[in-house]
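# Architecture at a glance
The residues making up each chain are set out below.
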Amino acid sequence: MGSDVIEFIARKVASNIRELEGALNRIVAYASMGGQPITIELAQAVLSNVLYNPKKRSVTPERVAQAVSDYYGVDLEALRGEKRDKAIVAPRQIAMYLMRSETDVSLMRIGAELGGRDHSTVLYACDKIARETAENDELRRELAAVRELLYAD
């Protein structure tokens, strides 16, 4: 990624570090999915969905939970519940990650939305999903699909 692309992203995403991280993750994911180099044109195309989209501001933790529930076919109450089986834990962690990257709410609020979990649990989940996203193409595609649900009309 060239310094011109980095400078473009930094100018466009100046609100907070999480939004900047989310923008970078999206650009890298789109580039790797399409086998394309990261250029200013690609960054503009990817970020135009978010930066100039007033719907971005309407994303709430509740909406993220519903989108994750719909995409993974997991009951909303199960996402908020105590169960720890893999079929529920992975979508719950993805919900935490997306709540952090797509909204401006606190770790405590995210934990409260998903069954009263501690902020350290939320932070662990976010770090875990971010690490896995860097190595797992399938997870990147799933996150892109859930984001599409989030921003769909």
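Everything numeric in this text was worked out from a predicted model, so none of it was measured. (Residues numbered from 1 in each chain as written. Predicted model: local features only at pLDDT ≥ 70, side-chain atom pairs only at ≥ 80, totals over all residues. Heavy atoms only, no water.)

### Some remarks on the nonpolar core
Going by this rule: By nonpolar core is meant a set of buried Ala, Val, Leu, Ile, Met, Phe, Trp, Tyr and Cys residues that side-chain atoms within 4.5 Å join together. For each residue, the accessible area found with a 1.4 Å probe, counting protein chains only, is set against the maximum for its type, and the residue is called buried under 20%, exposed over 50%, and partly exposed in between. Counting from the N terminus, the helices are the DSSP runs of H or I reaching at least four residues and the strands are the DSSP runs of E reaching at least two. Residues count as neighbours in contact if any of their non-hydrogen atoms are within 4.5 Å of one another.
V68 and L98 are the most contacted members of the largest nonpolar core, which totals 29 residues. Contributions of two or more residues to this core are made by α4 (61-72), α5 (76-80), α6 (86-102), α7 (107-113), α8 (119-135) and α9 (137-151). Excluding anything up to four places from it in sequence, L98 contacts V64, V68, T103, L143, V146 and R147. Membership of the second largest hydrophobic core comes to 11 residues, among which are V5, A23, A43 and V46.

### Some words on the pattern of salt bridges
Between side chains of opposite charge, a pair can form as their charged atoms come close. To be explicit about the condition: Criterion for a salt bridge: a side-chain nitrogen of Lys or Arg within 4 Å of a carboxyl oxygen of Asp or Glu.
Using the criterion set out here, one finds eight salt bridges in the structure. R26 is paired through a salt bridge with E102; the nearest N and O atoms lie 3.0 Å apart. Here the residue R26 occupies a position in helix α2 (residues 17-34), and E102 occupies one in helix α6, the gap between them amounting to 76 residues. The burial state of R26 is the same as that of E102; both residues are buried. Among the charged side chains, a network of salt bridges with common partners joins R26, E102 and R147.

### Brief notes about α9
Inclusion rule: Every helix has an expected span of 1.5 Å times one less than the residues it contains. For the purposes of these results, a polar contact is taken to be a pair of N or O atoms within 3.5 Å, where, inside protein, one atom must be able to donate a hydrogen and its partner to accept one; residues adjacent in sequence count only when each atom of the pair is a side-chain atom.
The end-to-end C-alpha distance of α9 is 21 Å, a good match for the 21 Å that 15 residues give at a rise of 1.5 Å each. What α9 keeps buried is the set L139, R140, E142, L143, A144, V146, R147, L150 and Y151. In this structure, the buried side of α9 is in contact with α2, α4, α6 and α8. Where α9 begins, one side-chain oxygen reaches toward the backbone nitrogen of E138, 2.9 Å away; that side chain belongs to N136.

### Concerning the environment of I40
Note on placement: I40 falls in helix α3 (residues 40-51). Taking relative accessible area as the criterion, I40 reaches 24% and is therefore assigned partly exposed. Sequence separation of I40 and E138 is 98 residues, and the distance between their C-alpha atoms is 25 Å. In this structure I40 touches D4, V5 and F8, once residues within four positions along its chain are discounted.

### Looking at the packing of aromatic side chains
Selection criterion: For this analysis, a ring pair means two rings from Phe, Tyr or Trp (six-membered ring only for Trp) whose centres lie within 6.5 Å, classed as stacked if their planes differ by under 30 degrees, edge-to-face if by over 60, and tilted for the remaining angles.
Counted under the stated rule, the structure contains one aromatic pair. Taking the centre distance of 4.8 Å and the plane angle of 80° together, the rings of Y71 and Y72 count as edge-to-face.

### Concerning α6
With 17 residues, α6 ought to run about 24 Å at 1.5 Å a step, and its terminal C-alpha atoms sit 24 Å apart, in line with that. Within α6 the residues assigned to the buried category are I88, P91, R92, Q93, I94, A95, M96, Y97, L98, M99, S101 and E102. Along its buried surface, α6 packs onto α2, α4, α5, α7, α8 and α9.

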